[in-house]
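# Close look at the chain arrangement
In case you want the letters, here they are:
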Amino acid sequence: MNLFEILLEESIVGKEFSHHKLVKAKTLQLAQKKAEKYAKKFWGSWEDQPVRKNEDGWYEFEGGSILVQVVDVRETTKEQFLEECYQRALIN
């Protein structure tokens, strides 16, 4: 099993957020499928309301006021992922 980093973008009423997650998969294609499945269930409202994927590739929640999209899936290592998380969090 390989490690893949998933980059998700989330938009809530115009405010943008990014999320970095890890997934184990045998291939990039399987990692991408897992990423899409995760994005589709990102917000709890998916059980109450159907989730729609719009023409731009965003999953729409709460009537479109919350959007989630898989931006990138790439192979990584645990060490590389931790170093990148450290660099994102570090304030110089």
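Every value quoted in this text rests on a predicted model; they were computed, and no experiment measured them.

The rules behind the values
Counting of residues starts from 1 at the beginning of each chain's written sequence and follows it residue by residue. Two thresholds apply to this predicted model, a pLDDT of at least 70 for residue-level local features and 80 or more for giving and counting side-chain atom pairs, whereas whole-chain, interface and lining totals are computed over all residues. As a rule here, side-chain values come from all non-hydrogen atoms in the structure, and water together with hydrogens is ignored. Among buried residues, the Ala, Val, Leu, Ile, Met, Phe, Trp, Tyr and Cys ones that are joined through side-chain atoms within 4.5 Å form a nonpolar core. Buried, partly exposed and exposed residues are distinguished by accessible area as a fraction of the type maximum, computed with a 1.4 Å probe on protein chains only: under 20%, between the cut-offs, and over 50%, respectively. Under the DSSP-based scheme used, a helix requires at least four consecutive residues in state H or I and a strand at least two consecutive residues in state E, with every element numbered from the N terminus. Here a residue-residue contact requires only that any non-hydrogen atoms of the pair lie within 4.5 Å. Polar contacts, as used here, are pairs of N or O atoms within 3.5 Å; protein pairs need one atom able to donate a hydrogen and one able to accept it. Residues neighboring in sequence count only if both atoms are side-chain atoms. Strand pairing follows a simple DSSP-based rule, namely that at least 2 bridges must link the two strands. Working convention: axes come from line fits to C-alpha atoms, limited for helices to the stretch in contact. Angles between N-to-C directions cover 0 to 180 degrees.

Here we take up the nonpolar core. Ranked by size, the top nonpolar core spans 14 residues in total, and within it Phe4, Ile6, Ala31, Ala39, Val70 and Val73 carry the most contacts. Going through the elements one at a time, strand E1 (2–12), strand E2 (15–25), helix H1 (28–40), strand E4 (59–61) and strand E5 (66–76) are the ones with two or more residues in this core. Take this core: its biggest share by element is four residues, from E5. Excluding anything up to four places from it in sequence, Val70 contacts Ile6, Leu7, Leu8, Ala35, Glu36 and Ala39.

A word on the side chain of Thr76. Residue placement: Thr76 occurs in strand E5. The exposure class of Thr76 is buried, given its relative accessible area of 7%. Engagement of the side chain of Thr76 in a polar contact is seen with the side chain of Gln80, the distance being 3.3 Å. If sequence neighbours within four positions are ignored, Thr76 has contacts with Leu3, Phe4, Glu5, Leu22 and Phe81.

Taken in spatial order, the five strands of this open sheet run E2-E1-E5-E4-E3, and their pairing is antiparallel. Whereas interior strands pair on both sides, the edge strands pair on one side only; in this sheet they are E2 and strand E3 (52–53). Sheet topology note: the E1/E2 ladder contains 11 bridges and is antiparallel. By the bridge assignment for E2, Ser11 is matched with Glu16. Docked against the sheet, H1 engages E1, E2, E3, E4 and E5, running at close to 155° with respect to E5.

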